[in-house]
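Observations on the model geometry
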Amino acid sequence: MGTMKKDEAPSLFAAFADRPLADRLRPSALAEIVGQDHLLGEDGPIRRMADSGKLTSFVLWGPPGCGKTTLARILATRTSMHFVALSAVFSGMADLRKAFDEAAKRREYGEGTLLFVDEIHRFNRAQQDGFLPYVENGTVTLVGATTENPSFELNSALLSRCKVFVMHALDAAALDSIIERAESLLQRKLPLTPEARATLVDLADGDGRYLINLMESVFDLCRPDDVLDTEALLKIVQQRAPVYDKDREGHYNLISALHKSLRGSDTDAALYWAARMLQGGEDPLYLLRRLTRFAMEDISLADPAALQMAIAAWDTYERLGSPEGELAIAELVIYLGCAPKSNSAYTAWGAAQKAAREHGSLMPPAHILNAPTRLMKELGYGKDYAYDHDAPDAFSGQNYFPDKMPRRQFYKPPERGFEREINKRLAYWDKLRRQRAEEDSGGSGTRRSRKKPPAPEEREPS
């Protein structure tokens, strides 16, 4: 048995110490992966696949730093497969062809290949199609990783051949367990007060890799006896920009959260989501367009001033810009959140459009048509038209719907906000309409009305 040279142990330890902390803390077993119990717990689907020793192709969808790459590596080891990693950011079709050819050769000798493709959504549709035959015939077991919604970013043909597993951002408990593992590995407590430790977890924003990098900065920059408070911590670590892609799913998730918070009259939640969007780099004018739309669709005539407020806030922001103009956005969010809600106009417009499609090109009733020519008069245009201003209460009650279409009520305002007053007005006109109908049916059947003198454009041409 050979003897170890004096400098061998220190050199091995130095090599270990020189490795980044993230590499030293990388899990080597499924049990060491935190925050993904729904996939890796006792009855988790990936755990069951790993225990069976047979993997099928799948896609891991989750935010940065949740362990997608690490999980793929461990699965390859657990199932005795050759691990090949590619990144769609740096790889092209030549790299894919090489990987497929080498996998086919290994398959001839009975060795399977787990092909891990990071950021798989960055491959275009044609490149994604290139995976299909090799996934179908088992040349490779594909494990794709993406931070974007696979439903939007991946071919339906590829999705039909791969399961999709959602990995979660790491919660506070999972991040705390990573801190404890680092402290155990380094045999040193993280030199932070409890409040600063909680701030460090918040700064990580669910990203385990980012947390480890933050910890490494703290360990490297602190003297042995230092204990940093929150203020001191923030001076030595850079605050992370919020995770937010303006043209991808995060954008739609946050605007949906803002819109639904406003609809639910939760002003504080709406302010939070608006702030998240602006801090993430969202175009304030996009936000103002959506808030204006909300004023029309979800508040509408329950508070007619909401639309005026939205236009005023939009105009104010365009005049002031950021950051001063953002206060106008905040005030608008507060106003919209507190306003009474109604989608009655939105619903009425949809119902009217539906009726217009269903009933086709029905003519208006002849009595409300102008008759500028003798022929049109002979055809009955304008006959028996009742001039409302000459009728009692300036209301004739005549029919304005097509003759072959029964009267419909599209607009049904609720008893909220200003629409209470609108309801009173509608009820008043309905009462008068019934009265006029009773008057007509009780007489000769011909409406008694005074005709409006023809306007110049309605007179018979000379």
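Below you will find a few notes about this structure. (Residues numbered from 1 in each chain as written. Predicted model: local features only at pLDDT ≥ 70, side-chain atom pairs only at ≥ 80, totals over all residues. Heavy atoms only, no water.)

1. So, unusual backbone geometry
Along the chain, S322 connects to P323 via a cis peptide bond; the corresponding omega equals 0°. Looking at the element boundaries, P323 is found in the loop between α18 (305–320) and α19 (326–338). One non-glycine residue, D393, adopts positive backbone phi at about 60°. Considering the arrangement of structural elements, one finds D393 in the loop between α21 (374–378) and α22 (419–442). Owing to a relative accessible area of 46%, D393 belongs among the partly exposed residues under this scheme. (Helix = DSSP H or I, 4+ residues; strand = E, 2+ residues; numbered from the N terminus. Buried < 20%, exposed > 50% of the residue type's maximum accessible area, 1.4 Å probe, protein only.)

2. Let's talk about the nonpolar core
Counting residues in each nonpolar core, the largest one holds 26 residues, and the members touching the most others are L190, L192, L200, L211, M215 and V218. Among the secondary structure elements, those contributing two or more residues to this core are α11 (172–186), α12 (194–204) and α13 (208–221). With 25 residues, the next largest nonpolar core counts L254, L287, I299 and A310 among its residues. (Core = buried A, V, L, I, M, F, W, Y, C linked by side-chain atoms within 4.5 Å.)

3. As for the sheet that holds strand β1 (residues 58–61)
Across the sheet, which stays open at both edges, the five strands sit in the order β2-β3-β4-β1-β5 with parallel pairing between neighbours. The sheet is open, and its two borders are formed by β2 (82–87) and β5 (163–166), each paired with just one other strand. Between one strand and the next, the sheet's axes are offset by a mean angle of 20°, whatever the strand orientation. Here four bridges tie β1 to β5, and the two strands are oriented parallel to one another. The partner of F58 across the bridge, within β5, is K163. (Pairing = 2+ DSSP bridges. Axes fitted to C-alpha atoms, helices over the stretch in contact; angles between N-to-C directions.)

4. Some thoughts on the pairing of strand β4 (residues 141–146)
The buried fraction of β4 amounts to six of the six residues, a majority that puts the element mostly inside the structure. By the alternation rule, side chains of β4 split into T141, V143 and A145 and L142, G144 and T146, which are all buried. For β1 and β4, the ladder comprises four bridges, and the chain directions are parallel. Looking at the pairing, F58 lines up with V143 of β4. As defined by bridge partners, strand β3 (residues 113–118) adjoins β4 across four bridges and the pair is classed as parallel. Directly across from L114, in β4, lies its bridge partner T141.

5. Quick notes on the side chain of E183
With respect to the element layout, E183 can be found in helix α11. A relative accessible area of 8% places E183 in the buried class. Here L190 takes part through its backbone nitrogen, which lies 2.9 Å from a polar atom of the side chain of E183. The residues contacting E183, other than those within four sequence positions of it, are R188, K189, L190 and R197. (Polar contact = N/O pair within 3.5 Å; in protein donor to acceptor, adjacent residues only side chain to side chain. Contact = heavy atoms within 4.5 Å.)

6. Section: helix α17 (residues 284–299)
Here α17 spans 21 Å end to end across 16 residues, near enough to the 22 Å set by a 1.5 Å rise per residue. The buried fraction of α17 amounts to 12 of the 16 residues, a majority that puts the element mostly inside the structure. What α17 keeps buried is the set P284, Y286, L287, L288, R290, L291, T292, F294, A295, E297, D298 and I299. One side-chain oxygen at the N-terminal end of α17 lies 3.0 Å from the backbone nitrogen of L285; it belongs to D283. Looking one or two residues beyond α17, the residue adopting positive phi is S300, at roughly 55°. (Expected span 1.5 Å × (residues − 1).)

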